[in-house]
Amino acid sequence: DWLNIARFDVSQVVKELSDVLGTTFQREIRVHINGNAVQMKGDKDKIRQLLLILIDNAIKYSKEPIDVRVRPEKNGVKLEVTDYGIGVPESEIPYMFERFYRVDSARHRSTGGSGLGLSIAKKIIDMHEGTVEVFSKPGSGTTISIQFPRNLKSSPQ
Ligand code: ATP
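Residues numbered from 1 in each chain as written. Predicted model: local features only at pLDDT ≥ 70, side-chain atom pairs only at ≥ 80, totals over all residues.

Visitor: Requested: an account of the site of the ligand, with residues and values cited.
Guide: Surveying the vicinity of the ligand reveals 22 residues, the closest of which are Arg102, Val103, Gly113, Gly117 and Leu118. Elements that contribute at least two residues to the shell around the ligand include exactly α2 (44–60) and α3 (117–127). Split into classes, the residues belonging to the shell around the ligand amount to 10 nonpolar, 10 polar and two charged. (Near = placed C-beta within 6 Å. Helix = DSSP H or I, 4+ residues; strand = E, 2+ residues; numbered from the N terminus. Nonpolar A, V, L, I, M, F, W, Y, C, P; charged D, E, K, R; others polar.)

So this is what it looks like as structure tokens:
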């Protein structure tokens, strides 16, 4: 179908992207990788797009350094983006991934945004049979944690 599935080193994608975004936006993006290479199966361009959306949000909604983690797990790979910014109220977390949804706080109105990023991110996660969890607290920050399976049911092993 329209996914271009291959095995690739996701730690390399994270390093390259964090480098480009850190330089471009003059922000400290700390990359934590467990191991030398972390292989995953998926569409590399789409995973890069997903990471771009998450790191771009972390940049927009925080001022501190950002932590990006890549961890191989028994049954797949975990990707995590953590910021120490404005956070999201618990009641709004269920709606964050909806199209055009933006958390109704006065603070975010100063940054541009269409509310599309996370809906695209969710599509990419679903296409890779992944799951996503959000841990957030207003005023202290947000972690978006994504778990991808080692093998995709919908493609040849
Ligand atoms: P765009 O898609 O143009 O980047 P956006 O950032 O508003 O715009 P999404 O990425 O879909 O849209 O995010 C939806 C909403 O979720 C945001 O408007 C913001 O309120 C909230 N949000 C997303 N990421 C974070 C974060 N790291 N910290 C705090 N709030 C966030």
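Let's pick the thread back up.
Visitor: With reference to specific residues and values, describe the sheet that holds strand β7 (residues 141–149).
Guide: Spatial strand order, β2-β4-β5-β7-β6: five strands in an open sheet with mixed pairing. Looking along the sheet, the strands with just one partner apiece sit at the ends: β2 (29–33) and β6 (131–137). Between one strand and the next, the sheet's axes are offset by a mean angle of 10 degrees, whatever the strand orientation. The sheet contact formed by β2 and strand β4 (residues 66–73) spans five bridges and is parallel. Among the inter-strand pairings, Val31 is bridged to a residue of β4, identified as Val68. (Pairing = 2+ DSSP bridges. Axes fitted to C-alpha atoms, helices over the stretch in contact; angles between N-to-C directions.)

Just geometry here; none of it tells us what the structure is for.
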